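Examining the three-dimensional arrangement
This is what each chain is made of:
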Amino acid sequence: MSDEEKEKFSKSYCPLAWTHNFINQDGSYQVCCTSEEFDNHIRDDQGKKIFISDLVTSKEVMNTNFMKDIRKKMMDGKWPALCKRCLITENHGGISRRNIEIDNYSEDNVSFLESTNEDGSTTAPITSADYRLGNLCNLQCRMCNPRSTKLWIKEWNDMKPQRETFDKETMESYEEYFWIDSERLIQDVEEKAATLTHLHFAGGEPLLVPQMSKILQTCIEADSAKNITITYNTNMTILPKKVLELWKSFKSVKILASVDAVGDLNNYIRYPSKWSKIHENFHFIDQHHEEYNITECMVSTTVQILNILRMEELYEYLEQFKFIVPTPNLINVHVPTYFKSTYLPPELKEIASEKLVRIKAKYEAILPDHYLYLTDNIQQIINFMNSEDEYIIPNDESTQEERGFKEFISFQKKFDQDRKLDLFSFFPEFLKY
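Procedures and definitions
Residues numbered from 1 in each chain as written. Predicted model: local features only at pLDDT ≥ 70, side-chain atom pairs only at ≥ 80, totals over all residues. Heavy atoms only, no water. Helix = DSSP H or I, 4+ residues; strand = E, 2+ residues; numbered from the N terminus. Rg over C-alpha atoms; globule rule 2.2 N^0.38 Å. Buried < 20%, exposed > 50% of the residue type's maximum accessible area, 1.4 Å probe, protein only. Contact = heavy atoms within 4.5 Å. Areas by Shrake-Rupley, 256 points an atom, 1.4 Å probe, with all protein chains shown as cover. Lys, Arg positive; Asp, Glu negative; His and termini not counted. Charge placed at Lys NZ, Arg CZ, Asp CG, Glu CD. Phe/Tyr/Trp six-rings, centres within 6.5 Å; stacked < 30°, edge-to-face > 60°. Lys NZ or Arg CZ within 6 Å of the ring centre and 35° of its normal. Pairing = 2+ DSSP bridges. Right-handed = clockwise from strand over helix to strand, strands pointing away. Axes fitted to C-alpha atoms, helices over the stretch in contact; angles between N-to-C directions. Left-handed = near helix turned anticlockwise from the far one by under 90°. Nonpolar A, V, L, I, M, F, W, Y, C, P; charged D, E, K, R; others polar. Polar contact = N/O pair within 3.5 Å; in protein donor to acceptor, adjacent residues only side chain to side chain. Expected span 1.5 Å × (residues − 1). Core = buried A, V, L, I, M, F, W, Y, C linked by side-chain atoms within 4.5 Å. Salt bridge = Lys/Arg side-chain N within 4 Å of Asp/Glu carboxyl O. Patch = residues over 30% accessible without salt bridge, like charges linked within 9 Å, V, L, I, M, F, W, Y side chains within 5 Å.

1. Some words on the overall build of the protein chain
Within the protein chain one finds 19 helices and 8 strands. Relative to the 2.2 N^0.38 estimate, which gives 22 Å for 433 residues, the radius of gyration of the protein chain is 22 Å and therefore close to what a compact globule would have. Viewed in the frame of its principal axes, the protein chain has a C-alpha envelope of about 60 × 55 × 45 Å. Here the protein chain holds 433 residues, and 56% of them are scored as buried. Put simply, of all contacts in the protein chain between residues at least 6 apart along the chain, 71% involve residues at least 24 apart. Looking at the protein chain as shown, the accessible area adds up to about 19,400 Å², and 49% of this sits on carbon and sulfur atoms. Computed over 51 positive and 69 negative side-chain charges, the inter-centroid distance for the protein chain is 2 Å.

Put into structure tokens, the structure is as follows:
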């Protein structure tokens, strides 16, 4: 969409507030997966969180006072508090999810706004659904949490700073995502299937979860699959044959491969992945994408202290493929805070900035125009890293915790101790700090 076309909409308008349902790991309706991390729940008119088990229709969810208020703010050019991550990305010169979705809905944006009443209510159909089907996962990524992977439940409170620990009730709730086995889940899919054009799954690891395949089968039986593009965030460790066969019935499949580095460094960050298997799966997709209706495979990389100094390795790795998008989509880590690139020592920020500038210059010269936003986004990664100096943060005297870069180092040592891993074997330059 051209800049002239975008000026038709307010600076904070996002079509997802009109047409998207996001159901998170605990079965609660939330605004979207890019909004604020742990408190972006849609609430009913009494202020209570809405769950899929509440038997509330999608139309009722989207026309709560909560959602009407968000849409009114957007139409007035005001940023809802929950949308701060897109705001941060745009303020640093990057392409936010909001920007991408405006492009995705270029033929629908005007009709969405025209469907909106003065009070913020809407009659727009649900065309996009995002299901996070519990926390079954085969990895324990360092920057993840027990809400998204069961492998973190046992160790979380022993390994994390006090301010990040969860009470007993919360920890027990992460073992009880039973809603994914309910008839209500399939009923919800059946209610939406006729108008869906986009279906997204993330984790946990969605390709491990049996209920994901059941949802696909439901769409096929409803004769809606031919209209639906499926997208995934997957760690690329598995490609089940049964799932691949189901993909053939859908309009298309797009894969966002959650890979943060090459080889042993990716295994270190996304423990205990095996790079050999990930590499094998990339080659399979590169060679068989047409057979299984895969129209795009892009690497989605969470940029953090653990990889920002080694990004060129990932770019160079992707050069070997013919189909897979040749550059990754870079997304800043915000949580845990001490993984953020803003915590890097100043000298290392300079080195990282220089490397990223070289990457940007090299790849923007060879990318097709429709993927140039991926290199445009590199500048906002640099800007975000340099926007704050959080290398040292004063201690909280009530907890006597080490803060800043030292807190980052302390966590890695705890994680590494029983796994016979060593941060400094990957980053000897960290030793001086």
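On we go from here.
2. Observations concerning the packing of aromatic side chains
On inspection of all chains with the given rule, the structure shows 31 aromatic pairs. Ring centres of F408 and F430 lie 6.1 Å apart, and the angle between their planes is 85°; this geometry places the pair in the edge-to-face category. On the criterion of sequence distance, the pair formed by F408 in helix α18 (residues 405-417) and F430 in the segment after α19 (423-426) is long-range, its members being 22 residues apart. In this structure, F408 and F430 share a single accessibility class: buried. Positioned over the ring face of F411 is K160, at 4.4 Å from the centre of the ring. For R419, the ring lying beneath its charged end belongs to F415, and the centroid distance is 3.9 Å.

3. Concerning the pairing of strand β8 (residues 329-332)
In terms of strand pairing, strand β7 (residues 294-303) meets β8 through 4 bridges, oriented parallel. For T301, the partnering residue across the bridge sits in β8 and is L330. Chirality of the crossover, the property in question, places the unit of β7, helix α15 (residues 311-318) and β8 among those that are right-handed.

4. Comments concerning the packing of helix α10 (residues 183-192) against helix α11 (residues 210-221)
Between two packed helices, both the angle of their axes relative to each other and the distance between the axes serve to describe the pair. At a minimum axis distance of 10 Å, the contact between α10 and α11 shows a crossing angle of 35°. Seen along the crossing, α10 lies across α11 with a hand that is right-handed. Here α10 contributes L185, I186, V189 and E190 to the contact with α11, which in turn contributes Q211, K214, I215, T218 and C219. Residues that form the contact of α10 with α11 fall into these classes: 5 nonpolar, 2 polar and 2 charged.

5. Digging into the sheet that holds strand β3 (residues 128-132)
In spatial order, the strands read β2-β1-β3-β4-β5-β6-β7-β8; together these 8 strands make up an open sheet with mixed pairing. Of all the strands in the sheet, the pair left with one neighbour each is β2 (29-30) and β8.

6. Points about α10
Buried within α10 are the following residues: R184, L185, I186, D188, V189 and K192. Tucked inside the fold, the buried residues of α10 contact β1 (20-23), β2, α3 (58-62), β3 and α11.

7. Let's talk about the environment of N332
Structurally, the position occupied by N332 is in strand β8. Expressed as a C-alpha distance, the spacing of N332 and M385, which sit 53 residues apart in the sequence, is 8.8 Å. Sequence-distant contacts of N332, that is, excluding residues within four places in its chain, are made with V303, S341, Q380, I381 and F384. At a separation of 3.3 Å, a polar atom in the side chain of N332 contacts the side chain of Q380.

8. Let's talk about the environment of F112
Among the structural elements, F112 can be located in helix α7 (residues 109-114). With a relative accessible area of 4%, F112 lands in the buried category. Each C-alpha atom, one on F112 and one on S273, is 42 Å from the other, the two residues being 161 residues apart in sequence. Once residues lying within four places of it in the same chain are set aside, the contact partners of F112 are Y13, P15, W18, T19, Y105, T122 and A124.

9. Considering α18
In this model, α18 (13 residues) spans 19 Å end to end at C-alpha, consistent with the 18 Å of a helix rising 1.5 Å per residue. Contact partners of the buried residues in α18: α8 (156-159), α13 (264-269) and α19.

10. Some remarks on the pairing of strand β6 (residues 252-258)
Of all 7 residues that make up β6, 5 are buried, and the element is covered over most of its length. In terms of strand pairing, strand β5 (residues 229-234) meets β6 through 6 bridges, oriented parallel. When the sheet's bridge partners are listed, Y232 is paired in β6 with I255. Handedness of the crossover joining β5 and β6 through helix α12 (residues 241-247) is recorded here as right-handed.

11. Remarks on the nonpolar core
Counting 120 residues, the largest nonpolar core has W247, F282 and F430 as the members making the most contacts within it. In this structure, M298, V325, L367 and L374 belong to the second largest nonpolar core, which totals 5 residues.

12. Here we look at the side chain of E296
Along the chain, E296 falls in strand β7. Of the buried charged residues, E296 lacks a salt bridge, with K254 as the closest side chain of opposite charge at 4.7 Å. A distance of 2.5 Å separates a polar atom in the side chain of E296 from a polar atom in the side chain of Y371. If near-sequence neighbours (up to four positions away) are discounted, E296 is found in contact with V253, K254, I255, F323, V325 and Y371.

13. A few points about a negative patch on the surface
Taken together, the side chains of D167, E169, E172, E175 and E176 make up a negatively charged region of the molecular surface. Checked against the element boundaries, E176 lands in the loop between α9 (168-173) and α10. When its relative accessible area of 47% is taken as the criterion, E176 is described as partly exposed.

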